[in-house]
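Coordinate inspection notes
What follows is the residue order along each chain.
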Amino acid sequence: MCSTLRKCGTYRTEVAGHHDHGSTFQGRKKDGNPFQDNFDKRNPRYEHGGRELPPSGCQENDGSVEMGDVHKDRQLRHTPYSVEHNKKLVKWHSEVRIHTTTWRNRKCPERKMMEDTQDRKTSAWFKVTIPYGEKYDKAWLINSIQSHCSVPFTPLDFHYFQNRAHFFVQGASTASALNNVNYMICDDQNRKICIFVNHSSAPFSVKNRLKPSQMELLKLTMDKRYDVSRQALDLQRLRFDPDLTGSDVDIILNRRNCMAATLKIIESNFPELLSLNLCNNKLYQLDGLSDITEKAPKVKILNLSKNELMSVWELGKVKGLKLEELWLEGNPLCSTFFDKSAYVSAIQDCFPKLLRLDGRELSPAVTVDIDSSEFMKPCEESRNGFETLKHIVLQFLQQYYSIYDSGERRGLLGAYHEEACFSMTIPFNPEDSAPKSLSQYFGESRNIKVVKDPDLRGQLLRHTKRDIVDFLGALPKTQHDLSSFLVDTWYQTKRMLCFSVNGVFKEVEGQSQGSVLAFTRTFIATRGSNSSLCIVNDELFVRDVSPPETQSAFSIPVSTPSSSSEPSLSQEQQEMVQAFSAQSGMKLEWSQKCLQDNEWNYTRAGQVFTMFQTEGKIPAEAFKQIP
Amino acid sequence: SRKFRSNWSQGDKDTTKEVTIIRRGHTPARWTREEVVTPPLPGHAATSSLMATPMDFKTYVDQACRAAEEFVSIYYDTMDKRRQALTRLYLDKATLIWNGNIVSGLDALNNFFDMLPSSEFQVNMLDCQPVHEQATQSQTTILVVTSGTVKFDGNKQHYFNQNFLLTAQSTPNNTVWKIASDCFRFQDWASS
């Protein structure tokens, strides 16, 4: 039997974990007593502040089944739950089971209430349980339920426990209306969401509401900690504030009632709050804090350092805040990451617009959202929502091909990983021999449908960046038509990116000089910290062009990179090109040309551009097509 | 084939001569090839997680080629003849980009392949590379690139290019390869 005590320093002992009576019955536990199961699986970090009373409609005398109010600390300190206690609870709950089953068969709660001999207040409390609710975002869930519910309701004490979501509502008619929402909502994977509603005692934050005198004291304390000039509220170590410890006010922010009171004061007194410091408050969970998205939505700076947050999932509960600065160091979750960049990435996933984490500036995260598109119609760039990645990819391709076409391909050494792989192929047509235009590549083609010898297969796969760049250097000199490029970004994780480029190029020397060929090149690259890409796999497929492709190729001037003596674009120059392209609407290579012609003087280039544009001197092909 | 299987776990077997565990044409009807299965990865055979000997690059490459060949023969065959079983080759969260259109997740993939008319694929080119573990966080992955022709019922024939990322799921007895990502395009996408 697990002890439910946890002595922690000077804190008074508290019950760890929370009984979830309602869900116990709904849960389908095959072995053992379901209640026992729940009891053992206490989540020590979750602190709803104690057990609820069991559904009280079922017994005449409420008081006798109350196994001890956990807030009577005296009791707890000295009397851990004994085995006998458990047995009683167990037995009691198997009796209750029947009632709850009836409830699940959707008998009207009002009728049920009238059957009670218990003298109860008219506004009874109900606990709503959503099994597997853990995976749903709080705001989405509440909004979805509200939109299907005939009666408006106010969810109180919304929290997650194990894999369920819970909240409390008041009033039998509300409960009944919510019960009817069961199976009416579909999640984004088309699974129906279950909603169970059960009798309950009042939620913790209501039952243990701060008295008006306590609220007043808290408000005064918070006033003292408020910095008007920065609109910042410093609540670190709030519990031990001398003003509070002197009186009988114990503000344990991890407890729902205290957090709710604090947020209430913030909402009424500091609604324009920008910065909130909750450092060192022994916060194990952020369920209580999640209400901040409604009470103080303008908060941009949040300090949660030196708390007890175990996972990034907790942060998801406040992701409604548009945070610019976040402090998390000193939480257990910080040491669960493999490395710093994984930690930063995970936080950025939660708060995409975050600028500073633990005092350090962050490079802006790449956000990805997927949007759907029509079937079967081939379309231009894959509209897969990797729009922000496109800049990284396009920038990479620009750089890559400017070196590739420059004649000095050794410059590509910097683009490849030490142990990168490269291979190339040409199409194999069983009927004809290789067309003349591809004859140079014939011997290098690693088509494993044709090449069966394992040694030869091994040889044709270039390994290590030196080998690769040497091999590439030996290929004919080329000129690629960047405007013909079509890029599919087809797989990405935080660490890597896969994309395929389809396009055409011209051979500018050698026996096939002037011939235009088409290619598909697949890159797999790891992502570095500053949006840099490092190629680990590179596969090139070269084929003849079809007549329509020849026509469109090279029809508009491309800024040809000059000889190898010209250095490739610096970081700043690339950024200028991007910005210029975004502002003018011209394609990247045209923007680059304009900037280059104006000696990288952005303002002058802009003036020149505007002048030419008004004079109608810029051809339509210079501009990016609007998808 | 059971006899063969038990020998693979000895580890020092010459792995260049093995045979696919399930052989086409020799199996009872219910053993149709619906999974891409190759012998266990070297190093995985003995214990589940610790690699007895690190894989050398050549072995990686050979393994990738084997898996790619096996995969391609099953994939296009299934696509042409047993279309309803095709999504079994994909991971749950796999994504397909088909001529620029995104199809993500098994449900969407099922719908998509249902809608796609019946096909006749002819693969003329196949290349593969083992993907560097730095990109995949030690999840064994290979890049497969194919090209050829396809004719969808009611449409003209097209040349196509396709690439796949296959990831390995190792068990002591074998390795099952599944598609993590798939990118398909007609070569003449612009004019179709």
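Here, residues in each chain are numbered from 1, in the same order as that chain's written sequence. Key to labels: chains lettered from A, ligands numbered from 1, both in the order written. Side-chain atom pairs in this predicted model are given and counted only at pLDDT of 80 or more, local residue features only at pLDDT of at least 70, and totals for whole chains, interfaces and linings cover all residues. Note that the side-chain values use all heavy atoms of the structure and ignore hydrogens as well as water.

Under an unreviewed UniProt entry, the name given to chain B is Nuclear transport factor 2 like export factor 2, and the organism recorded is Aotus nancymaae. UniProt positions are given in the numbering used here, feature names are shortened, and annotations may be inferred rather than shown by experiment. Quoted straight from UniProt, the Subcellular location (unreviewed entry) entry for chain B says "Nucleus".

With that out of the way, let us pick up the environment of Leu106 of chain B. Residues and elements named next belong to chain B. Only runs of H or I of at least four residues qualify as helices and only runs of E of at least two qualify as strands under DSSP, and these elements are numbered from the N terminus. Mapped onto the elements, Leu106 comes out in helix H3 (residues 106-115). Residues Leu106 and Arg88, spaced 18 residues apart in sequence, show a C-alpha to C-alpha distance of 8.8 Å. Two residues qualify as a contact provided that any one of their heavy atoms is within 4.5 Å of a heavy atom in the partner residue. Apart from residues no more than four positions distant in its own chain, Leu106 is found in contact with Thr87, Tyr90, Leu91 and Asp92.

All names here are of chain B. Of all residues in chain B, 73% have pLDDT values of 70 or greater, and the mean over the chain is 77. You can read pLDDT as the predictor saying how much it trusts each residue, on a scale of 0 to 100. Of the regions scoring below 50 in pLDDT, residues 1-31 engages in 24 contacts with residues more than four places distant in sequence or in other chains. The complex model carries a pTM of 0.45, and its ipTM stands at 0.79.

What follows is about unusual backbone geometry. All names here are of chain A. Despite not being glycine, Arg237 has its phi angle at roughly 50°, a positive value. Note that Arg237 resides in the loop between strand E6 (232-234) and helix H11 (242-246). At Lys306, a position not held by glycine, the phi torsion is positive, near 55°. Residue placement: Lys306 occurs in the loop between strand E8 (301-303) and helix H14 (312-315).

Now for the packing of aromatic side chains. In this scheme Phe, Tyr and Trp rings, the latter by its six-membered ring, pair at centre separations within 6.5 Å, and the angle between planes marks the pair as stacked below 30 degrees, edge-to-face above 60, and tilted otherwise. With the rule as written, the count across this model stands at 43 aromatic pairs over all chains. On the numbers, 6.3 Å between centres and 80° between planes, the contact of Phe121 of chain B with Phe184 of chain B is edge-to-face. A residue pair is termed long-range when its members are at least 10 positions apart, and Phe121 of chain B in strand E4 (residues 119-130) and Phe184 of chain B in strand E7 (residues 175-186) qualify at 63 residues. Phe184 of chain B sits in the buried class, given a relative accessible area of 1%. On the basis of an interplanar angle of 75° and a centroid distance of 5.6 Å, the ring pair of Phe184 of chain B and Phe186 of chain B is categorised as edge-to-face. Owing to a relative accessible area of 6%, Phe186 of chain B belongs among the buried residues under this scheme. Between Arg409 of chain A and the ring centre of Tyr404 of chain A, over which it is positioned, the NZ or CZ distance is 4.0 Å. In this scheme, Lys NZ or Arg CZ marks a charge over a ring once it lies within 6 Å of the ring centre and within 35 degrees of the ring normal. One Lys or Arg, Arg462 of chain A, reaches over the ring of Phe471 of chain A and ends 4.1 Å from the middle of that ring. Only protein chains enter the accessibility calculation, which uses a 1.4 Å probe; a residue whose area is less than 20% of its type maximum is buried, one above 50% is exposed, and one in between is partly exposed.

Residue-level contacts link 55 residues of chain A with 48 residues of chain B. Buried area is understood as the total, over both parts, of accessible area removed when two parts are fitted together, assessed with a 1.4 Å probe. Approximately 4,400 Å² of surface area, both sides summed, lies buried where chain A meets chain B, with 61% of it carried by carbon and sulfur atoms. Salt bridges, as used here, are contacts in which a Lys or Arg side-chain nitrogen is within 4 Å of a carboxyl oxygen on Asp or Glu. Between the two partners, chain A and chain B, sit four salt bridges. The shortest N-O distance in the salt bridge between Asp127 of chain B and Arg446 of chain A comes to 2.7 Å. Here a polar contact is taken to be a pair of N or O atoms separated by no more than 3.5 Å, where protein atoms must pair a possible hydrogen donor with a possible acceptor and residues adjacent in sequence count only if both atoms sit in side chains. The interface formed by chain A and chain B holds 20 residue pairs in polar contact (both at pLDDT 80 or more) in total.

What follows is about the nonpolar core. Put simply, a nonpolar core is a bunch of buried Ala, Val, Leu, Ile, Met, Phe, Trp, Tyr and Cys residues held in one set by side-chain atoms that sit within 4.5 Å of each other. One finds Leu276, Leu289, Leu304, Leu315, Leu326 and Ile347 of chain A to be the most contacted residues of the largest nonpolar core, which totals 49 residues. If near-sequence neighbours (up to four positions away) are discounted, Leu326 of chain A is found in contact with Leu302, Leu304, Leu315, Ile347, Phe351, Leu354, Arg356, Leu357 and Asp358 of chain A. Ala67, Phe113, Ala168 and Phe186 of chain B belong to the second-largest nonpolar core, a separate cluster that totals 42 residues.

Now for the sheet that holds strand E3 (residues 164-170) of chain A. Residue and element names in this part refer to chain A. For two strands to count as paired, DSSP must find a minimum of two bridges between them. Pairing is antiparallel across the open sheet formed by four strands, whose spatial order is E2-E3-E1-E4. If you trace the sheet from one side to the other, it starts and ends with strand E2 (156-161) and strand E4 (196-200), each paired once. Mean inter-strand twist for the sheet, computed between neighbouring axes without regard to direction, equals 25°. In the sheet, strand E1 (residues 125-130) pairs with E4 via five bridges, with the strands oriented antiparallel. Comment: axis = line fitted to C-alpha atoms, over the contacting stretch for helices; angle = value between 0 and 180 degrees taken between N-to-C directions.

This next bit is on empty space enclosed by the protein. Using a 1 Å grid laid over the protein atoms alone, points where a 1.4 Å probe fits but cannot get out form a cavity; open sets with protein on both sides within 12 Å along at least 5 of 7 lines form a pocket; any residue with an atom within 4 Å of a point counts as lining. Grid points are joined across faces, edges and corners, and a volume is the space filled by probe spheres set on the points. Within this structure, the stated rule accounts for 10 cavities of 30 Å³ or more. When its volume is computed, the second largest cavity comes out at roughly 70 Å³. Classification convention: Asp, Glu, Lys, Arg as charged; Ala, Val, Leu, Ile, Met, Phe, Trp, Tyr, Cys, Pro as nonpolar; all other residues, Gly among them, as polar. Per-class residue counts for the lining of the second largest cavity are nine nonpolar, two polar and two charged.

With that settled, the discussion passes to the sheet that holds strand E7 (residues 275-277) of chain A. Residue and element names in this part refer to chain A. Judged by pairing direction, the sheet is mixed, and its seven strands sit side by side in the order E5-E6-E7-E8-E9-E10-E11 without closing on themselves. The open sheet has two free edges, formed respectively by strand E5 (226-227) and strand E11 (360-361), since each of these has just one partner strand. Here two bridges tie strand E10 (residues 356-357) to E11, and the two strands are oriented antiparallel to one another. Opposite Arg356, over in E11, you have Glu361 as the bridge partner.

A few words on the confidence of the model for chain A. Residues and elements named next belong to chain A. Here chain A shows a mean pLDDT of 75. Residues at 70 or above account for 71%. Segment residues 1-121 is flagged for pLDDT under 50; beyond a separation of four residues in sequence, or across chains, it makes 190 contacts in the model. Long-range and interchain partners of residues 365-386, a stretch whose pLDDT sits below 50, account for 64 contacts in this model, where long-range means more than four residues apart.

Let's shift gears to the packing of helix H21 (residues 571-584) of chain A against helix H22 (residues 588-597) of chain A. Residue and element names in this part refer to chain A. It is at 8 Å that the axes of H21 and H22 come closest, and there the two elements cross at 110°. Relative to H22, the element H21 lies roughly perpendicular. Considering the relative orientation of H21 and H22, their crossing is right-handed. Within the contact between the two elements, H21 uses Met576, Val577, Gln578, Phe580, Ser581 and Ser584 and H22 uses Leu588, Ser591, Gln592, Cys594 and Leu595. Across the contact of H21 with H22, the residue classes tally to six nonpolar, five polar and no charged. An angle counts as roughly parallel when it lies under 35 degrees, as roughly antiparallel when it exceeds 145, as roughly perpendicular when it falls between 65 and 115, and as oblique in every other case. Should the near helix be turned counterclockwise from the far one by less than a right angle, the crossing is left-handed, whereas a clockwise turn marks it as right-handed.

In an α-helix, one full turn covers 3.6 residues, which means residues spaced three or four apart are oriented alike. Residues and elements named next belong to chain A. For H22, the buried fraction is high: seven of the 10 residues fall into the buried class. By the burial criterion, the buried members of H22 are Leu588, Glu589, Trp590, Ser591, Gln592, Cys594 and Leu595. Glu599 sits one or two residues past H22 and shows a positive phi near 55°.

Applying the stated criterion across every chain, the model contains 25 salt bridges over all chains. Between Asp62 of chain B and Lys58 of chain B there is a salt bridge, with its nearest N and O atoms 3.2 Å apart. In this pair, Asp62 of chain B and Lys58 of chain B are both assigned in helix H2 (residues 57-81), four residues apart and thus about one turn of the helix distant. Each member of the salt-bridge network shares a partner with another, and the members are Asp287, Glu314 and Lys317 of chain A.

Residues and elements named next belong to chain A. Tracing the backbone shows Ala261 in helix H12 (residues 256-269). Residue Ala261 is classed as buried on the basis of its relative accessible area of 5%. Apart from residues lying up to four places away in sequence, Ala261 is in contact with Leu210, Met215 and Leu218.

This next bit is on the environment of Ile347 of chain A. Residue and element names in this part refer to chain A. With respect to the helices and strands, the residue Ile347 is situated in helix H15 (residues 340-350). Taking the relative accessible area as the measure of exposure, Ile347 reaches 0% and is therefore buried. Expressed as a C-alpha distance, the spacing of Ile347 and Leu326, which sit 21 residues apart in the sequence, is 9.2 Å. Dropping the residues within four chain positions of it, Ile347 is found in contact with Val312, Leu315, Leu326, Leu328, Leu354 and Leu357.

Quick look at H12 of chain A now. Expected span of a helix: the number of residues minus one, times 1.5 Å. Spanning 14 residues, H12 of chain A covers 20 Å between terminal C-alpha atoms, matching the ideal 20 Å at 1.5 Å per step. Three or more residues of H12 of chain A are buried, namely Arg256, Asn257, Cys258, Met259, Ala261, Thr262, Leu263, Ile265 and Ile266 of chain A.

Before going further, it helps to examine the packing of H21 of chain A against helix H23 (residues 602-614) of chain A. All names here are of chain A. Packing of H21 against H23 brings their axes to within 12 Å, and their N-to-C directions diverge by 30°. Between H21 and H23, the angle is such that the two are roughly parallel. The two elements H21 and H23 meet at a crossing, and its hand is right-handed. Residue-level inspection shows Met576, Ala579, Phe580, Gln583 and Ser584 of H21 in contact with H23, the latter providing Tyr602, Ala605, Gly606 and Phe609. Residues belonging to the contact of H21 with H23 are distributed by class as follows: six nonpolar, three polar and no charged.

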